[in-house]
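# Structural description and commentary
Residues per chain are reported as follows:
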Amino acid sequence: MIDSTTRCPCGTGDTYGSCCQRYHRQFAQTGALTAPTPEALMRSRFTAFALNLPDYLLATWHPTTRPHSLELDESLRWYRLDILKATGGPFDPQGTVHFAAYYRSAPGTPKSQKVGGLQTEVSQFTREKGVWYYLDGAVE
Ligand SMILES: [Zn+2]
């Protein structure tokens, strides 16, 4: 975990407290999903990956494509997100986010087993009853 004054993992340059934490906290306290745009939701999901918050990831996954459970790979650290293109505003029914997410091995991984790289993907988002959900993504 990180505290609210640490720079947010999603890369906006803001602190976690004034960035993705508000969505994570709202969800933890009330179950409400409040990210206003696909980009904000994508950022908060990346940060949930980085901070190991599988409940938030599952909740923001659309029910039609959501896995039953989610095992995050503890051997990887997601450390950087670049949003290449994002569409969809607060009142649109659909949106997309094209992004690159960077990962590397967790500290303590033996040198011979270290990995690192990036995944680029175009994710689809849909808005229902005012709530944005991650639908699916095409890895490039
Ligand atoms: Zn953030």
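These lines cover the structure that appears in this document, whether it is placed above or below. In this text, all values refer to a predicted model and were calculated from it rather than measured experimentally.

Scoring rules and cut-offs
- Residues numbered from 1 in each chain as written.
- Predicted model: local features only at pLDDT ≥ 70, side-chain atom pairs only at ≥ 80, totals over all residues.
- Heavy atoms only, no water.
- Donors = N, O, S within 2.8 Å, 3.2 Å for Na, K, Ca; no water.
- Helix = DSSP H or I, 4+ residues; strand = E, 2+ residues; numbered from the N terminus.
- Buried < 20%, exposed > 50% of the residue type's maximum accessible area, 1.4 Å probe, protein only.
- Polar contact = N/O pair within 3.5 Å; in protein donor to acceptor, adjacent residues only side chain to side chain.
- Pairing = 2+ DSSP bridges.
- Axes fitted to C-alpha atoms, helices over the stretch in contact; angles between N-to-C directions.
- Contact = heavy atoms within 4.5 Å.

A word on the coordination of the zinc ion. Distances from the zinc ion to its protein donors, Cys 8 (SG), Cys 10 (SG), Cys 19 (SG) and Cys 20 (SG), fall at 2.3 Å. Linear spacing of the donor residues for the zinc ion on their chain is C-x1-C-x8-C-C. Residue Cys 8 is found in the segment before α1 (21–30), and its partner Cys 19 is found in the segment before α1; the two are separated by 11 residues along the sequence. We classify Cys 19 as buried; its relative accessible area is 6%.

Once that is clear, we can look at the environment of Thr 30. Examined against the element boundaries, Thr 30 turns out to sit in helix α1. What makes Thr 30 exposed here is its relative accessible area of 56%. As for Thr 30 and Val 139, which are separated by 109 residues in sequence, their C-alpha atoms are 32 Å apart. Of the polar contacts made by the side chain of Thr 30, one reaches the backbone oxygen of Gln 26; its length is 2.8 Å. For Thr 30, the side chain forms a polar contact with the main-chain nitrogen of Ala 32, separated by 3.1 Å.

This brings us to the sheet that holds strand β3 (residues 116–128). If you trace the four strands from one edge of the open sheet to the other, you get β1-β2-β3-β4, paired in antiparallel fashion. Single-partner strands in this sheet number two, and they are β1 (76–87) and β4 (131–139). Each neighbouring strand pair of the sheet contributes to a mean axis angle of 30 degrees, computed without reference to strand direction. With 10 bridges connecting them, β1 and strand β2 (residues 94–105) associate as antiparallel partners. Note that in β2 the partner of Ala 86 across the bridge is Val 97. Packing against the sheet, helix α2 (residues 38–51) makes contact with β1, β2, β3 and β4, and its axis sits at approximately 175 degrees to β1.

Just distances and angles here, no functional claims.
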